[in-house]
Amino acid sequence: MTDTGTAVALTPAAQDRALPQAPLSGMAALSRFGIPLGLAGLGGGWSAARSSLGSPVWPEEILYGAASSLWLILTAVYVFRGLRRKGAFRADLRHEVAGPFASFIPLVGILLSSHYSQYLPPWGAWLCMGFIAALASVAAQLLAHWVTGGVSMQSIHPGYLLPVVPGFFVASIGFSSIHARDAAMAAFGIGAFFWLVVGTVVTVRVMTGGELTAAAKTGLSAYLAAPATANIAWMLSHPGPVGAVQLGLTGVLVIMALTQVMLLPEYRKLPFTQMFWVFTFPVGATANYSIRWLATTDLPGREIYAFTILGLATAFTLVIAARSVLTAIAPKSARLATPQSTEVR
């Protein structure tokens, strides 16, 4: 939902009104951060399997390593290109369609620093807090822009949830990973508040603003990312027996997962693009929590269920990765296969 194609998420009238407000050059760059985000999300699932099921450490380290490499490269490229355009980041941040996805950059940083903080104390903890501060800065700028008439109702899409709902739940997870429980609860409260406020606005837009176009429909996966990250955040900040709040959040996750299943026929109609990476993070986060939740139960065969869920999430991410490679290669192959025109003079 963050590629250049997301511009078609607007109706024609709204699109004409929105697009001139900011250049589109940053949209494709921001969308690519969905790749390390998805890899880090799946890495979290394998991390949960290692701590709960005794799985080997190498899958999570490969995933986090790949996510780190891609994130560093993409960030360097984005910053380098931005330096050549004065006000590039501000323009991307204020764009009605692309703006929310600027949060992907610090969001991935939180996930990576949370993981590596176990190997690099205290540097990992300081990095994690720095990325959380960066996320808060991006979210505050977005909110200030939104509440001062910076966006039209028709341009709002489910991606608006990402910086202020899953974003702050991930911040809560980051604080828990460095043993800052009070800060984790504060971040959880921010995410819960905007889940109610922004979630209501987004849902009203989706339900009453007409059918979403193909480019915007992938963003519906944000409805799964919110409860998945909320459940992980609450469980990490409240270790021990599962309480009423955890059960309530789990119920929300179940109904949102069922909703995604009901949306599969709609998703299958969509042409495959880079935007499909947006599905991988919610899937990885859901697998992460499912493994953690199953570990708290005495359900017979829970290890089999947990590994099955993790295997499906891993296979899904690998399919997206394979399709992405094939999609990137296909146009080049087509150009090479096309004979060059000749002209007789």
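Keep in mind that what you see is a predicted model, and the values were worked out from it rather than measured. (Residues numbered from 1 in each chain as written. Predicted model: local features only at pLDDT ≥ 70, side-chain atom pairs only at ≥ 80, totals over all residues. Heavy atoms only, no water.)

## A short note on the pattern of salt bridges
Within the structure shown, the criterion is met by four salt bridges. The closest approach of N and O atoms between Lys-217 and Glu-211, which form a salt bridge, is 2.8 Å. A relative accessible area of 11% means that Lys-217 is categorised as buried. According to the relative accessible area criterion, Glu-211 is exposed, its value standing at 65%. (Salt bridge = Lys/Arg side-chain N within 4 Å of Asp/Glu carboxyl O. Buried < 20%, exposed > 50% of the residue type's maximum accessible area, 1.4 Å probe, protein only.)

## Some thoughts on the packing of aromatic side chains
Under the criterion given, the structure shown has 13 aromatic pairs. Here Trp-71 and Phe-131 contribute two aromatic rings whose centre-to-centre distance is 5.4 Å and whose plane-to-plane angle is 80 degrees, an arrangement assigned as edge-to-face. In this pair, Trp-71 is assigned in helix 4 (residues 58-83) and Phe-131 in helix 7 (residues 123-147), connecting sequence segments 60 residues apart. Taking 5.1 Å as the distance between ring centres and 55 degrees as the angle between the ring planes, the aromatic pair formed by Phe-188 and Trp-234 counts as tilted. (Phe/Tyr/Trp six-rings, centres within 6.5 Å; stacked < 30°, edge-to-face > 60°. Helix = DSSP H or I, 4+ residues; strand = E, 2+ residues; numbered from the N terminus.)

## What to know about the confidence of the model for the protein
Model confidence for the protein is summarised by a mean pLDDT of 85, while 87% of its residues fall at 70 or above. Contacts from residues 1-25, a stretch scored under 50 in pLDDT, to residues over four places away or in other chains number 61 contacts. (pLDDT = per-residue confidence, 0-100. Contact = heavy atoms within 4.5 Å.)

## Section: empty space enclosed by the protein
Applying the stated rule across the entire model yields two cavities of 30 Å³ or more. Of all the elements in the fold, those that place two or more residues in the lining of the largest cavity are helix 3 (34-53), helix 12 (222-237) and helix 15 (280-295). Considering only residue class, the lining of the largest cavity consists of ten nonpolar, three polar and no charged. (1 Å grid on protein atoms, 1.4 Å probe; cavity = no way out; pocket = protein on both sides within 12 Å on 5 of 7 lines; lining within 4 Å. Points joined across faces, edges and corners; volume = space filled by probe spheres on them. Nonpolar A, V, L, I, M, F, W, Y, C, P; charged D, E, K, R; others polar.)

## Some remarks on the packing of helix 3 against helix 15
Running from N to C, helix 3 and helix 15 point in directions that differ by 10 degrees, and their axes come no closer than 7 Å. It follows that helix 3 is roughly parallel to helix 15 by the angle criterion. The residues of helix 15 that touch helix 3, namely those facing Gly-34, Leu-37, Gly-38, Gly-41, Leu-42, Gly-44, Gly-45, Ala-48, Ala-49, Ser-52 and Leu-53, are Thr-280, Phe-281, Gly-284, Ala-285, Asn-288, Ile-291, Arg-292 and Ala-295. Along the lines of polarity and charge, the residues of the contact of helix 3 with helix 15 split into nine nonpolar, nine polar and one charged. (Axes fitted to C-alpha atoms, helices over the stretch in contact; angles between N-to-C directions. Parallel < 35°, antiparallel > 145°, perpendicular 65-115°, else oblique.)

## Comments concerning helix 9 (residues 166-177)
For helix 9, spanning twelve residues, the distance from its first C-alpha to its last is 16 Å, which sits close to the expected 16 Å at 1.5 Å a residue. Burial runs high along helix 9: eleven of the twelve residues are buried. Of all the residues in helix 9, the buried ones are Pro-166, Gly-167, Phe-168, Phe-169, Val-170, Ala-171, Ser-172, Ile-173, Gly-174, Phe-175 and Ser-176. Contacts from the buried residues of helix 9 go to helix 6 (104-116), helix 7, helix 8 (161-164), helix 10 (181-208), helix 12 and helix 15. Just downstream of helix 9 lies His-179, where phi reads positive at about 65 degrees. (Expected span 1.5 Å × (residues − 1).)

## Structural notes on the layout of surface pockets
Estimates place the volume of the largest pocket at around 990 Å³. Forming the boundary of the largest pocket are 32 residues, of which Leu-224, Gln-260, Val-261, Leu-264 and Val-283 lie nearest the centre. Listing elements by their share of the lining of the largest pocket, those giving two or more residues are helix 13 (244-262), helix 14 (264-268), helix 15 and helix 16 (302-337). Size it by volume and the second largest pocket reaches roughly 530 Å³. At the level of secondary structure, the elements contributing two or more residues to the lining of the second largest pocket comprise helix 3, helix 6, helix 9, helix 12 and helix 15. Ranked by residues supplied to the lining of the second largest pocket, first place goes to helix 3 with six residues. A per-class count over the lining of the second largest pocket returns nine nonpolar, 13 polar and two charged.

## Looking at unusual backbone geometry
Backbone torsion omega between Pro-121 and Pro-122 reads -5 degrees, so that peptide bond is classified as cis. Positive phi, normally seen in glycine, also occurs at His-179, with a value near 65 degrees. Inspection of the secondary structure assignment puts His-179 in the loop between helix 9 and helix 10.

## Considerations on the packing of helix 7 against helix 9
Where helix 7 contacts helix 9, the two axes come as close as 10 Å, and the packing angle between them is 160 degrees. Classified by the angle between their axes, helix 7 and helix 9 sit roughly antiparallel to one another. The way helix 7 lies across helix 9 gives a crossing that is left-handed. In this structure, helix 7 contributes Cys-128, Met-129, Ile-132, Leu-135, Ala-136 and Ala-139 to the contact, and helix 9 contributes Gly-167, Phe-168, Ala-171, Gly-174 and Phe-175. Residues that form the contact of helix 7 with helix 9 fall into these classes: nine nonpolar, two polar and no charged. (Left-handed = near helix turned anticlockwise from the far one by under 90°.)

## Points about a nonpolar patch on the surface
On the surface, Val-57, Trp-58, Ile-62, Tyr-119, Leu-120 and Trp-123 cluster together into a nonpolar patch covering about 720 Å² of accessible area. Tracing the backbone through its elements, the reader meets Val-57 in the loop between helix 3 and helix 4. For Val-57, a relative accessible area of 38% translates into the label partly exposed. (Patch = residues over 30% accessible without salt bridge, like charges linked within 9 Å, V, L, I, M, F, W, Y side chains within 5 Å. Areas by Shrake-Rupley, 256 points an atom, 1.4 Å probe, with all protein chains shown as cover.)

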